[in-house]
Amino acid sequence: MLVNFKQILDMAEEGNFCIPAFNVYNIETCMGAVKAAEELKAPCILQVYPRLMKEELGYYLAPCVVAAARKASVPVCFHLDHGPSELETTRSLRWGATGIMLDGSALPFEENIALTRRVVDTCKYVDVQVEGELGHIGMVSDDSMDEFTVPEEAKIFVEKTGVQALAVLVGNAHGRYKKPPKIDIQRIADIRKATNGTSLVLHGGSGIPDEAIKEAVKVGIRKLNVSTDLCYSFLDSVQEEINKPDRFIAIDNFMKKPIEAVKEFCMTKVLLCGADGKAK
Ligand code: 13P
């Protein structure tokens, strides 16, 4: 069933676990993620990068995500990931998104607050809630990392914007880490406390050691974003299948294995988040 961002995060807060948020790119990755959530009776988030929400692609992909979420036997939120401006966030609402991320983390503090607040106010009209970002979470290839999220600033940001959730920079980055990252667990706990128990989001979930994720969930991470490793699970399987001499030519049959590979991968993250059996 399709639920909004608040509904799904409330489940995580009440049950003290984390919602796995899977970036999806096509029908197959969407199917794999939903199958994993259904098999383990877990709520989950299907999220989409803004470039996939443009007219060209969004016209195909967004209805597919909405249909998958509606049909699912578990709660699923359809979330825009890293929306850079009101153009993308408003367009995503039109496509049926039930959660929105406004990423103003590269802007000066006050501008990030003002833009995020505007998006929160617009989304309110359609009962959709917003994830903000404070402390710019870059790529693993970036030369230097921004300053980690400061708890006192997070408090001001949350109060002034009214976000439902906050993405934090605590040693994480997007992409495949060259060596396992060191996640600042104490900082997560401090931000959680300073923001009066706001749901916190850990981006860059691919390659963070399981133990660190478990510790992070204990102190307030309520949404774990995973994209890169999900892509690899799909593409590695495609590569394996395509080299088989007796491979399927009909694409629907060919895709069965890659869908299964995505499902298996997503199941490991559902379990890591402690979301299994938590669907309501
Ligand atoms: P990874 O690609 O590192 O898993 O990060 C995903 C993410 O945080 C999406 O916003």
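Position numbers for residues start from 1 in each chain and track the written sequence from start to end. Restriction of local features to residues with pLDDT of at least 70 applies here, the model being predicted, together with a cutoff of 80 or more for giving and counting side-chain atom pairs; totals for whole chains, interfaces and linings are based on all residues. The side-chain values count all of the structure's non-hydrogen atoms but skip hydrogen atoms and water molecules.

A. A look at the site of the ligand. For the ligand, the set of nearby residues contains 15 residues, the closest of which are D81, G175, G204, S206 and T228. Contacts described as polar in this section are N or O atom pairs within 3.5 Å, which, within protein, must combine one atom able to donate a hydrogen with one able to accept it, while residues neighboring in sequence count only if both atoms come from side chains. With respect to the ligand, the backbone of G175 contributes an N or O atom lying 2.9 Å from an oxygen atom. In this structure, an oxygen atom belonging to the ligand sits 2.8 Å away from a main-chain N or O atom of G204. A 1.4 Å probe and the Shrake-Rupley method give the accessible areas. Residues count as covered only by the protein chains that appear here. Notes on the ligand: free accessible area 310 Å², of which the protein chains cover 99%. Going through the elements one at a time, β3 (76-83) and β8 (221-226) are the ones with two or more residues in the shell around the ligand. Each residue gets one of three labels, nonpolar for Ala, Val, Leu, Ile, Met, Phe, Trp, Tyr, Cys and Pro, charged for Asp, Glu, Lys and Arg, and polar for the others, Gly among them. Its residues assigned to classes, the shell around the ligand shows three nonpolar, eleven polar and one charged. What makes a residue near a molecule or strand is one non-hydrogen atom of that residue sitting within 4 Å of it. Secondary structure elements are taken from DSSP: a helix is a run of H or I of four residues or more, a strand is a run of E of two residues or more, and numbering for both begins at the N terminus.

B. The pattern of salt bridges, seen in detail. Any carboxyl oxygen of Asp or Glu within 4 Å of a side-chain nitrogen of Lys or Arg constitutes a salt bridge here. With the rule as written, the count across this model stands at 17 salt bridges. Residues K218 and E215 are paired through a salt bridge, measuring 3.1 Å at the closest nitrogen-oxygen approach. Of the two residues, K218 and E215 both sit in helix α8 (residues 210-218), three residues apart, roughly one turn of that helix.

C. Structural detail: the packing of aromatic side chains. Any two of the Phe, Tyr and Trp rings considered here, Trp counted by its six-membered ring, make a pair once their centres fall within 6.5 Å; the pair's planes then place it as stacked at under 30 degrees, edge-to-face at over 60, or tilted in between. Going through the model one piece at a time under the given rule, you end up with three aromatic pairs. Taken together, a centroid distance of 6.2 Å and an interplanar angle of 65° make the contact between Y25 and Y49 edge-to-face. Of this pair, Y25 sits in the loop between β1 (19-23) and α2 (27-39) while Y49 sits in the loop between β2 (44-48) and α3 (55-71), placing them 24 residues apart in sequence. Geometrically, a lysine NZ or arginine CZ counts as sitting over a ring once it is within 6 Å of the ring centre and also within 35 degrees of the ring normal. Sitting above the plane of the W95 ring, R94 keeps its charged end 5.6 Å from the centroid. R176 extends its terminal NZ or CZ atom over the ring of Y232, reaching a point 3.7 Å from the ring centre.

D. Structural context of the pairing of β8. Within β8, six of the six residues are buried, leaving the element largely enclosed by the surrounding structure. Pairing analysis gives four bridges linking β1 to β8, with the strands arranged parallel. Paired with F22 across the bridge in β8 is V226. Remark: the strand β7 (residues 199-202)/α8/β8 crossover connection has right-handed handedness. Relative accessibility decides the category of a residue: with a 1.4 Å probe and only protein chains considered, values under 20% of the type maximum give buried, values over 50% give exposed, and everything between is partly exposed. Between any two strands, at least two bridges found by DSSP are needed for them to pair. Convention used here: a crossover is right-handed provided that the path from the first strand, over the helix, to the second strand proceeds clockwise when the strands point away from the viewer.

E. A look at the side chain of S105. Positionally, S105 belongs in the loop between β4 (99-102) and α5 (109-124). Side chain to side chain, S105 and H136 meet in a polar contact 2.9 Å long. The criterion used for residue contact is that any of the two residues' heavy atoms lie within 4.5 Å. If sequence neighbours within four positions are ignored, S105 has contacts with N112, E133, G135, H136 and I137.

F. Highlighting the nonpolar core. L46, I100 and L166 are the most contacted members of the largest nonpolar core, which has 93 residues in total. For this core, the element with the most residues is helix α11 (residues 256-273), which contributes eight residues. In this structure L166 touches G132, E133, L134, A154, F157, V158, I191, T198, S199, L200 and V201, once residues within four positions along its chain are discounted. By convention a nonpolar core is built from buried Ala, Val, Leu, Ile, Met, Phe, Trp, Tyr and Cys residues, the set being connected through side-chain atoms within 4.5 Å.

G. Just the pairing of β7, in detail. Burial along β7 is two-sided: S199 and V201 and L200 and L202, pointing in opposite directions, are all buried. The pairing of strand β6 (residues 165-168) with β7 spans three bridges and is parallel. Within β7, the position partnered with A167 by the bridge is V201. Crossover β6 to β7 through helix α7 (residues 185-194) is right-handed.

H. View of the sheet that holds β4. With parallel pairing, eight strands are arranged side by side around a closed barrel as β1-β2-β3-β4-β5-β6-β7-β8. Neighbour-to-neighbour, the strand axes of this sheet turn through a mean angle of 25°, independent of strand direction. The convention used is that axes are lines fitted to C-alpha atoms, helices contributing only their stretch in contact, and that angles between N-to-C directions extend from 0 to 180 degrees. Running over the sheet, helix α6 (residues 151-161) touches β5 (129-134) and β6 and is turned about 150° from β5. Relative to β1, α11 is tilted by about 150°, and along the sheet it contacts β1 and β8.

I. Structural view of α6. Those residues of α6 lying buried are P151, A154, F157, V158 and T161. Projected down its long axis, α6 carries its buried residues within an arc of 115°, all on one side. Opposite the packed face of α6, turned more than 90 degrees from it, sit the exposed residues E152 and E159. If you follow the buried residues of α6, they end up packed against α5, β5, β6 and α7. Where α6 terminates, the next one or two residues include G162, which has phi positive at roughly 75°. Directions drawn from the helix axis to the C-beta atoms are what define this arc.

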